[in-house]
Structure formats: C-alpha cells, structure tokens
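Spelled out, the chains give:
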Amino acid sequence: MASEPSDLAAATRLVGLGRPPRTPGAVINQGVELTSTYVAGGDVVYARSGNPTWTAFEEVLGSLEGGRALAFASGMAAVAASLSLVPHGSVVVAPVHAYNGTGSLLDEASQQGRFELRRVDSADTAAVLAAMRGAQLVWLESPTNPMLEVADLPELLAGAREQGAISVVDNTFATPLLQHPIALGADVVMHSATKFIAGHSDVLLGATVTANEDLQARLFGHRVLHGAIPGPFETWLALRGLRTLQVRLDRSCASAAELARRLGDHPAVGRVRYPGFGAIVSIEVTGGAAAASLVEDAVRIWLPATSLGGVESLIERRRRIPTEPVTVPQELLRLSVGLEDVEDLWRDLDAALRA
Ligand SMILES: *Cc1c(COP(=O)(O)O)cnc(C)c1O
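Treat the numbers as computed from the prediction; the structure is a model and nothing was measured.

K.L.:
Could you clarify how one ought to interpret the domain arrangement of the protein in this entry?
P.N.:
Quite often, the size of an interface is put as the accessible area lost when its parts meet. Domain assignment breaks the protein into domain 1 (5-87 + 159-242) and domain 2 (245-354). Here the C-alpha centre of domain 2 lies 29 Å away from the C-alpha centre of domain 1. At the junction of the two partners, domain 1 supplies 17 residues and domain 2 supplies 15 residues. Where domain 1 abuts domain 2, roughly 1,500 Å² becomes buried across the two surfaces, and 70% of that area is made up of carbon and sulfur atoms. Put simply, domain 1 and domain 2 have 0 salt bridges between them. Seen at the junction of domain 1 and domain 2, the total is 6 residue pairs in polar contact (both at pLDDT 80 or more). Among the secondary structure elements, those contributing two or more residues to the side of domain 1 that touches domain 2 are α1 (10-16), α7 (175-178) and α9 (232-243). Top element by residues in the side of domain 1 that touches domain 2 is α7. It accounts for 4 residues.

K.L.:
Which parts of the structure should I look at to understand the nonpolar core?
P.N.:
Generally speaking, nonpolar side chains in soluble globular proteins are found buried as a group. The biggest cluster of nonpolar side chains holds 32 residues, and the ones touching the most others in it are Leu14, Phe57, Leu61, Phe196 and Leu242. At 5 residues, the largest contribution of residues to this core is made by helix α2 (residues 52-65). The residue makeup of this core includes at least three contributed by each of domain 1 (5-87 + 159-242) and domain 2 (245-354). Residues within four places of Leu242 in sequence aside, it is in contact with Leu14, Phe57, Val60, Leu61, Leu64, Ile197 and Arg248.

K.L.:
Could you clarify how one ought to interpret the environment of Gly41 in this entry?
P.N.:
With respect to the secondary-structure elements, Gly41 resides in the loop between α1 and α2. Classification of Gly41 by relative accessible area gives exposed; the value is 79%. Spatially, the C-alpha atom of Gly41 lies 49 Å from that of Val96, the residues being 55 residues apart in sequence.

K.L.:
What exactly am I supposed to notice about the site of the ligand here?
P.N.:
Looking at the ligand, there are 15 residues lining it, with Met76, Asp170, Ser192, Thr194 and Lys195 nearest. In the model, an oxygen atom of the ligand is placed 2.8 Å from a nitrogen or oxygen of the Met76 main chain. Separating a nitrogen atom of the ligand from a side-chain N or O atom of Asp170 is a distance of 2.6 Å. Here the ligand loses 94% of its free accessible area of 380 Å² to cover by the protein chains.

K.L.:
Teacher, can you tell me more about the pattern of salt bridges here?
P.N.:
Two side chains that carry opposite charge are able to pair once their charged atoms sit near each other. For the structure on display, the rule yields 16 salt bridges. In this structure, the salt-bridge partner of Arg218 is Asp214, at a minimum N-O distance of 3.5 Å. Separated by 4 residues within a single helix, Arg218 and Asp214 lie in helix α8 (residues 213-226), roughly one turn from each other. Salt-bridge contacts for Arg262 lead to Glu343; the nearest nitrogen and oxygen are separated by 2.8 Å. Remark: Glu343 occurs in helix α12 (residues 342-354) and Arg262 occurs in helix α10 (residues 245-263); sequence separation between them is 81 residues. In this structure Glu343 comes out as partly exposed when scored by relative accessible area, which is 31%. Through salt bridges with shared partners, one network takes in Glu316, Arg318, Arg320, Glu324 and Arg334.

K.L.:
Got a minute to help me understand α9 in this structure?
P.N.:
Along its 12 residues, α9 runs 17 Å from first to last C-alpha, staying within 8% of the 16 Å computed at 1.5 Å per residue. Contacts from the buried residues of α9 go to α1, α2 and α10.

Analysis parameters
- For every chain, the first residue of the written sequence is number 1, and numbering continues from 1 along that sequence.
- Owing to the predicted nature of the model, reporting of local features is limited to residues with pLDDT of at least 70; listing and counting of side-chain atom pairs is limited to 80 or more, with chain, interface and lining totals taken over all residues.
- To get the side-chain values, all heavy atoms of the structure are used, and hydrogens and water are removed first.
- An automatic or database domain assignment supplies the start and end points of every domain.
- Contacts: residue pairs with any heavy atoms within 4.5 Å of one another.
- Summed over both partners, the accessible area (1.4 Å probe) lost when two parts come together is defined as the buried area.
- Criterion for a salt bridge: a side-chain nitrogen of Lys or Arg within 4 Å of a carboxyl oxygen of Asp or Glu.
- Each polar contact in these results corresponds to two N or O atoms within 3.5 Å; when the atoms are within protein, one needs to be able to donate a hydrogen and the other to accept it, and residues that are neighboring in sequence are counted only if both atoms are side-chain atoms.
- The helix and strand labels rest on DSSP assignments: H or I over at least four residues marks a helix, E over at least two residues marks a strand, and numbering proceeds from the N terminus.
- To define a nonpolar core, start from buried Ala, Val, Leu, Ile, Met, Phe, Trp, Tyr and Cys residues and group those joined through side-chain atoms within 4.5 Å.
- Throughout this description, buried means an accessible area under 20% of the type-specific maximum (1.4 Å probe, protein chains only), exposed means over 50%, and partly exposed covers the range between.
- Only a single heavy atom is needed: when it lies within 4 Å of a molecule or strand, its residue is near that molecule or strand.
- Here, Shrake-Rupley sampling with a 1.4 Å probe gives the accessible areas, and only protein chains in the shown set may cover a residue.
- Under the convention used throughout, the expected extent of a helix is 1.5 Å for every residue step, that is, one less than its residue count.

See below:
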C-alpha cells in the first residue's frame, strides 16, 4: 500500500492489506495455496508451519488488532491454544457467562485438575479484581454471550497485569472494528472468525492476536504441534469476508440499534439487553420458555439457528442448549442482526412476538 498501514483507516486496511506485491501482470488476490510442503531452503519447510493464504489473512487481522495474528482451525482451537499458555495447576479467572464452548472447556479442565477455576460476574469489576489474586490467567469476554454484559476492560486488564497474570480477551462479539483489547492492555485477543469476520455462515475459523513476541512464539508452537491448523480454502473464505467487514458491521449495528429501541416498547418483551453497540440483541419474552420457542417457530425471515455474525439474521433461545448456564433466563432469545431490510426484520419479529 502507498502509505504506512498505521496511517490508514481500518476500512482501508481491511481492503488493501494481505495482497500480493504490485508487480505488473500479477494477480491482485492472494489465492488458495494448496501445498503440503515447500522447496527446501526457504523460511517455511512444511505446511503445518505456514501457508501464504494464512499469512494474507493474518496480515489483515493483525493490523486491525494491533499485533501479530495466527489463524486456527476454529474459534475453539484458538481458545485451547490460549489456555495452553499457562501450566497445569494454574488459577484461571473467567466470566460466568463466557461463550458456552469456552465455559465447557474450562469446566472440564478444572474437573480434571488442570486448572483451579474461578468464575465471576464480569460486570462486577471489584469481584473480578478480587478473584484475580494469585491467578495466572484472566479470561475476559465483553460483551458476554448471550447476556451482553460489558466488562470494564481497561480496569480489569490493568489488574491482571499487576498480578502478573496473562490476560486473554475474546473479541468475537465486538469485532476488531469496535474494540481493541490490546490497546486497552490485553496480552492476547482471541476470535471466532466463524462469526463477523468471515461473516457468511459458511466456514469455521479462529484466530489469536498478540503484540508480545514470547506469547506469539508459544501460540505458534501450539498450533504447529497440536495440528490446530485451518484449511487454506477456509482461510481464504474468511479473508474474503474480512474485506467487507466494515460495511456489513455498519449495516448490522444500525439495524440492531433500531430494533433494540423498538423492542424496548414491545408488549411481549420484558427486557432488552443491548450494550449500545454491536449487532447482537438479547430479549426476554414475557410468557416464558414456551412463548420464546413459539417466536422461533413463527418467524419467516429470521432463521432459527445457533451462531451469529452472518449476513442472515438468526434467532435462538439459548437455554435449548443443555450446557448453557442456568443463570441465562429460559425466555431469553438471542438475535444476531444481519443485512436484510430493517423494516422487514421488524415486521417479521413483531408479528411472531404477537402471535
Ligand atoms: C462461536 C464462538 C466461539 C467458538 O468459535 P468456533 O469458531 O465456533 O469454534 C468462541 N467465542 C465466542 C464469543 C463465540 O461466539
């Protein structure tokens, strides 16, 4: 690119980075590079250590988050790699309402005696700071899934640093456009690129980003030795999705804010959870779990499905998942707002809520 990337807005870097050099006649897109090995004598010798399609994706994401990125086979592979940064017997602090898979993995690790786990309400800053005493790793997710609680990241990340604990922030919900955890003091940012980054509900991919060279080397080592590597085509799809992240997010966030405002006055909605930014809204339906399930059955445009961050709007009663924490209300519906016309989304949801 003509200017230093750091001078350019995120929307420009999303489009311009991760491309082959501008030589006459060259292709302008990084292709899907299919090879398991490389001619000897170069930096990368075998494709479990590196792939040019990964490098292109990592260049874009790393620039946006302010560190060096690594692509993983899924968000959960990136979670597992991040948890590998602390030894057996470590004290780990994590939110009660962390992503379901993260919570299950942490619970399993603690049952096996691998970690001493302290789960806390991440919106209660004093409680999280108190739980950090003697901790080796602090896991944060903000906003949380599906309760949309917001943590005081600068305060908590400073606290983790003071304790000498490694801090990891799952930035999937906010995306690298709305929140920069590394600038706020995080050691590692983790993404499920399956969601907003890839953005089309057609691929699973994960990523870590860190500005710390030692942590980067250890995450890289984990990826190579545990084989948690993404396919080149999956990574290419995520890179293609990343190109349009700004416009998709602008549209989804504007629609989510409008729907949250209207849902606040809806007679069939007891409570709206919306942190004031982002594209996810959770609502509590009056009439309990049965009424919430009827809404899922009645919508015609919203798709009843798990996941989020795609072009299509999704609706899900989270407690249908058996491992969801019992503190998540039975009648809670999580809405992932996509790119459809906001009036169509509203009419569909309003009709389903009234039915
Ligand atoms: C989906 C998700 C994950 C897990 O990512 P996968 O790509 O499904 O493995 C982790 N954290 C959050 C917040 C998620 O939404």
